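So you can see what is in the structure, the chains are spelled out below.
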Amino acid sequence: MKRSTPSIVGYFLHKISGYDISSLLLLELEAYLTWPFRSLPSFLGYVPRYLIYKLLFKKLDSFCFIHPNVFFSHCYNIRCGKNFVVNSNTYFHGIGGIDIGDYVLVGPNVVISSGMHEYTKSREPVALQNIVPRKIIIEDGVWIGANVVVMPGIRISKGTIVGAGSVVTKSTEPYSVVAGVPAKQIKLRAN
Ligand SMILES: CC(C)(COP(=O)(O)OP(=O)(O)OC[C@H]1O[C@@H](n2cnc3c(N)ncnc32)[C@H](O)[C@@H]1OP(=O)(O)O)[C@@H](O)C(=O)NCCC(=O)NCCS
């Protein structure tokens, strides 16, 4: 017998059924608190964004420069060290946890997502299968170039530079420079 596929409303209900009520409320709170300030320019934007993410993140150690139109979801799973800078249009999905060290610099249009869709049931749409959380760790002094994608579960080790346009599928060595799709080590940083 052919199984019927749930409607998009069924999909939405399926998705939120995976959350407890406090997480759902936090997700709603972060959506509405961040929305009015997300695209404000310069210090008119940096200051309120810092204050809001100081409230919403699990930890945020010092003032940070969050450029316009950066999007963070599941802020309650995101920890961030000192002197963080992130450029415009970058997307952090914190469902599995994201730990960011000190002096981390992230370029524009980067995607850092700590959740993976299960796809084990081949006849069921991936959208209806579970999301598997996989924590991402970005250690101190990392620079992530423009248009990078960081896969779930990756550790970007201390001092790593990730070249523009890379897809990081494996954890990196400390003080390495990685680039390409998939990202490979192109050199180690001298000194
Ligand atoms: C990774 C990076 C720092 C390396 O710079 P570099 O040390 O001067 O390296 P080189 O230009 O000498 O390149 C070394 C090799 O890696 C390759 N390479 C460099 N960057 C690359 C990238 N992003 N993707 C793929 N390959 C890359 C080069 O083609 C070269 O290959 P070859 O030896 O076969 O000729 C730089 O290329 C980069 O991507 N910077 C990010 C810039 C950016 O995103 N700025 C805005 C965000 S803040």
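Before any of the text, the structure's been laid out above.
Keep in mind that this is a model prediction, so the values were computed, not measured.

(A) Inspection of the sheet that holds strand β14 (residues 149-150) at higher detail. Taken in spatial order, the 5 strands of this open sheet run β3-β6-β9-β14-β17, and their pairing is parallel. One side of each edge strand has no neighbouring strand; the edge strands of this open sheet are β3 (71-73) and β17 (167-168). With 2 bridges connecting them, β14 and β17 associate as parallel partners. Across the sheet, residue Val149 finds its bridge partner in β17, namely Val167.

(B) Focus on the site of the ligand. In the region of the ligand, the neighbouring residues are Gly107, Gly145, Ala146, Ile161, Gly163, Ala164, Gly165, Ser166, Val177, Ala179, Gly180 and Ile186. Taken together, the residues of the shell around the ligand break down into 6 nonpolar, 6 polar and no charged.

(C) Inspection of unusual backbone geometry at higher detail. Following Val181, the chain continues to Pro182 via a peptide bond in cis, the omega torsion being -10 degrees. Tracing the sequence through the fold places Pro182 in the loop between β18 (176-179) and β19 (184-188). The phi dihedral of His74 falls on the positive side, at around 55 degrees, and the residue is not glycine. As for its position among the elements, His74 is in the loop between β3 and β4 (78-80).

Analysis parameters
- Residues numbered from 1 in each chain as written.
- Predicted model: local features only at pLDDT ≥ 70, side-chain atom pairs only at ≥ 80, totals over all residues.
- Pairing = 2+ DSSP bridges.
- Helix = DSSP H or I, 4+ residues; strand = E, 2+ residues; numbered from the N terminus.
- Near = placed C-beta within 6 Å.
- Nonpolar A, V, L, I, M, F, W, Y, C, P; charged D, E, K, R; others polar.

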